[in-house]
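Overview (structure and organization)
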Amino acid sequence: MATSAPSPASTAPSAIVEHHHETSYVDWAAIIAGAIFATTLSFVLITFGAGLGLSLVSAEPGEGVSLFWATIAAGIWFIWVVITSYAAGGYLAGRLRRRIGDAVPDEVEARDGAHGLLVWALGAILATIMAIAGAGGILGPVASFTGSAAGSVAGSAAEMAGEELDYYASRMLRGEEGSVSPEVRSEVASVLGRSLTAGEISDEDRQYLAQITAAESGLSEEEARSRIDSVIADLEEAQEQAIELAEQARIAGVIGSFVMAATMLIAAAAAYFAAATGGSHRDQNIAFLQFGRRV
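Residues numbered from 1 in each chain as written. Predicted model: local features only at pLDDT ≥ 70, side-chain atom pairs only at ≥ 80, totals over all residues. Heavy atoms only, no water.

**Notes on the overall build of the protein**
When you go through the protein residue by residue, the secondary structure sums to 8 helices and 0 strands. The linear arrangement of helices and strands in the protein, starting from the amino end, is α-α-α-α-α-α-α-α. For the protein, buried positions account for 32% of its 295 residues. In the protein, the proportion of contacts linking residues at least 24 apart, taken out of those at least 6 apart, comes to 76%. By element, 63% of the accessible surface of the protein is carried by carbon and sulfur atoms, the whole surface being about 17400 Å². (Helix = DSSP H or I, 4+ residues; strand = E, 2+ residues; numbered from the N terminus. Buried < 20%, exposed > 50% of the residue type's maximum accessible area, 1.4 Å probe, protein only. Contact = heavy atoms within 4.5 Å. Areas by Shrake-Rupley, 256 points an atom, 1.4 Å probe, with all protein chains shown as cover.)

**A closer look at the packing of aromatic side chains**
To describe a pair of aromatic rings, you give the distance between the ring centres and the angle between the ring planes. All chains considered together, the criterion is met by 3 aromatic pairs. Residues F48 and W77 carry aromatic rings whose centres are separated by 6.1 Å and whose planes lie at 45° to one another, so their mutual orientation is tilted. Linking F48 in helix α2 (residues 28-56) with W77 in helix α3 (residues 67-96), this pair joins segments that are 29 residues apart in sequence. Site record: aromatic cluster; members linked through ring pairs are F48, W77 and W80. Over the aromatic face of Y25 sits the side chain of R111, whose NZ or CZ is 3.7 Å from the ring centroid. (Phe/Tyr/Trp six-rings, centres within 6.5 Å; stacked < 30°, edge-to-face > 60°. Lys NZ or Arg CZ within 6 Å of the ring centre and 35° of its normal.)

**Here we look at the pattern of salt bridges**
What the rule picks out here adds up to 7 salt bridges. R206 is paired through a salt bridge with D229; the nearest N and O atoms lie 2.4 Å apart. Taken together, the residues span a long stretch of sequence, with R206 in helix α7 (residues 203-217) and D229 in helix α8 (residues 221-283) at a distance of 23 residues. Looking at D229, the relative accessible area reads 40%, which means it is partly exposed. Members of the salt-bridge network, linked through shared partners, are R97, D112, R282 and D283. (Salt bridge = Lys/Arg side-chain N within 4 Å of Asp/Glu carboxyl O.)

**Description of the environment of Y91**
Along the chain, Y91 falls in helix α3. By relative accessible area, Y91 is classed as buried at 12%. When the C-alpha positions of Y91 and A275 are compared, they lie 4.2 Å apart, and in sequence the two are 184 residues distant. A polar contact of 3.0 Å, which involves the side chain of Y91, links it to the side chain of H281. (Polar contact = N/O pair within 3.5 Å; in protein donor to acceptor, adjacent residues only side chain to side chain.)

**Focus: the packing of helix α6 (residues 182-198) against α7**
Where α6 meets α7, the axes come as close as 11 Å, and the angle between the chain directions of the two elements is 155°. Classified by the interaxial angle, the pair formed by α6 and α7 is roughly antiparallel. Of the two elements, α6 crosses α7, and the hand of that crossing is left-handed. Between α6 and α7, the contacting residues are V184, E187, V188, V191, L192 and S195 on the first element and D205, Y208, L209, I212 and E216 on the second. The class makeup of the residues in the contact of α6 with α7 is 7 nonpolar, 1 polar and 3 charged. (Axes fitted to C-alpha atoms, helices over the stretch in contact; angles between N-to-C directions. Parallel < 35°, antiparallel > 145°, perpendicular 65-115°, else oblique. Left-handed = near helix turned anticlockwise from the far one by under 90°. Nonpolar A, V, L, I, M, F, W, Y, C, P; charged D, E, K, R; others polar.)

Here it is as structure tokens:
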């Protein structure tokens, strides 16, 4: 009695299902699920990393990890979280994507990978929205690591120098009586501020400050000039330190921007290949318990 060979349909993996009625190869349900998973996973990991980082640093001088190494560790942790989160989201999307059965294996892999890229794109949009709303996410720490951080630190440095003008004015006018008129202190601070902006103090302003200092402090004009020179030297040193901090922040912002762009590109590739891997495991009916095993 002759036996007929089994039909191709009977030997096809059960995970491959024909969906000829589909009009689009994009499975948005799987993409949204992967993007939400990637964003949530990154939020959890970044929160954990923030807590771990706070436990390593200390406000006490000489205690805990230095700021330099803490920054390096935070950068490495951030890069790992971004790549891992998008890879996990891409794998989930590839695993959940409904297989359209009219494609060769290479085309199936490309479609799975494309879903991983869409997870990456949608996840980046969600993370940006969360970062703007102050809820964190994949892109949340970037505000303190990129150009915005440079502007923030530079602004803080300039603000610090402006607030200290009153202190230097009071120090210049300090006398035995110990009281300085607020109007006079404000005028001296204004002159010092204009001098810092111009880059030098003019002879006219120096003479004016010497007269006010001598009148308010009871010093001789020569002693007043000596005090003015000392105060101005300290003020210029403080300004140089503020400028140096702003420059360091600018450099850190530039480096952070490049690192962020490179990390996102690597994360896109990770999401693509993870989604393709997820699709392959889907078609081979590989359970999660068998992940990493050959079947």
